[in-house]
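Analysis of the macromolecular model
Here is what each chain is made of, one letter per residue.
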Amino acid sequence: AETLSNTRVQDPRRNAKGGELDFDPRAYRMLHRLGSDWPCLSFDFVRDAGGGGRTRFPHALLAACGTQAVGDANRLTLLKLEGLGRLEQDSDEDESDDDGDDDDDRHADATADHVAFGHPGGVNRVAACERAPGLVATWSDRGAVLVWDARPECERLC
């Protein structure tokens, strides 16, 4: 077998000089971190009563996401996030706020609520129906497309 002596494993969290990567807060208006037990590589936004084109902080959203777990641990999750506030900026140039937000809106604590369903196999793709909020389709790694009626759960979260 041929050995590759020049192979290197790339760690996306480290830069070429070996230092930790960090974000530049000037590039974001909002940044929140959320973790899960298993990778959740597909998600879709579920239409809620807030409508589209929201620009005022704090933001809220409803999303459907699916996991790629080992064995029978896969889930389809409906996730409600509220109180998503503006990222604090260090510079004084963002002090003028033309959208009328209060400072309290910027510092509000974000909250998360969820409902999870067991899913047969890993979730390759999630798609939420725009015309019927709460109807969610998933494509399983077992080759099946499933349609979930989660309207009661969406109403409970909203």
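Whatever comes next refers back to the structure up there.
Here the structure is a predicted model, which is why all the values come from computation and not from measurement. (Residues numbered from 1 in each chain as written. Predicted model: local features only at pLDDT ≥ 70, side-chain atom pairs only at ≥ 80, totals over all residues. Heavy atoms only, no water.)

A word on the state of the cysteines. Following the criterion strictly, the structure yields zero disulfides and no others. The structure places no disulfide on C40, whose sulfur is separated from the nearest cysteine sulfur, that of C65, by 3.7 Å. Judged by its relative accessible area of 12%, C65 is buried. (Disulfide = S-S within 2.5 Å. Buried < 20%, exposed > 50% of the residue type's maximum accessible area, 1.4 Å probe, protein only.)

Position of R26 relative to the elements: it lies in the segment before β1 (42-45). Overall, the relative accessible area of 69% leaves R26 in the exposed class. Sequence separation between R26 and E88 is 62 residues; the distance between their C-alpha atoms is 9.6 Å. In this structure the side chain of R26 is engaged in a polar contact, spanning 2.7 Å, whose partner is the side chain of D24. (Helix = DSSP H or I, 4+ residues; strand = E, 2+ residues; numbered from the N terminus. Polar contact = N/O pair within 3.5 Å; in protein donor to acceptor, adjacent residues only side chain to side chain.)

This model, assessed by the stated rule, comprises six salt bridges. Here R156 makes a salt bridge to D113, at a shortest N to O gap of 3.8 Å. Linking R156 in helix α2 (residues 151-157) with D113 in strand β4 (residues 111-118), this pair joins segments that are 43 residues apart in sequence. For R156, a relative accessible area of 51% gives the class exposed. According to the relative accessible area criterion, D113 is partly exposed, its value standing at 34%. Among the ionic pairs, R151 bridges to D149, the shortest N-O distance being 2.8 Å. Salt bridges sharing partners connect three or more residues here, namely D48, R54 and K80. (Salt bridge = Lys/Arg side-chain N within 4 Å of Asp/Glu carboxyl O.)

The quantities given are spatial measurements derived from coordinates; they are silent on function.
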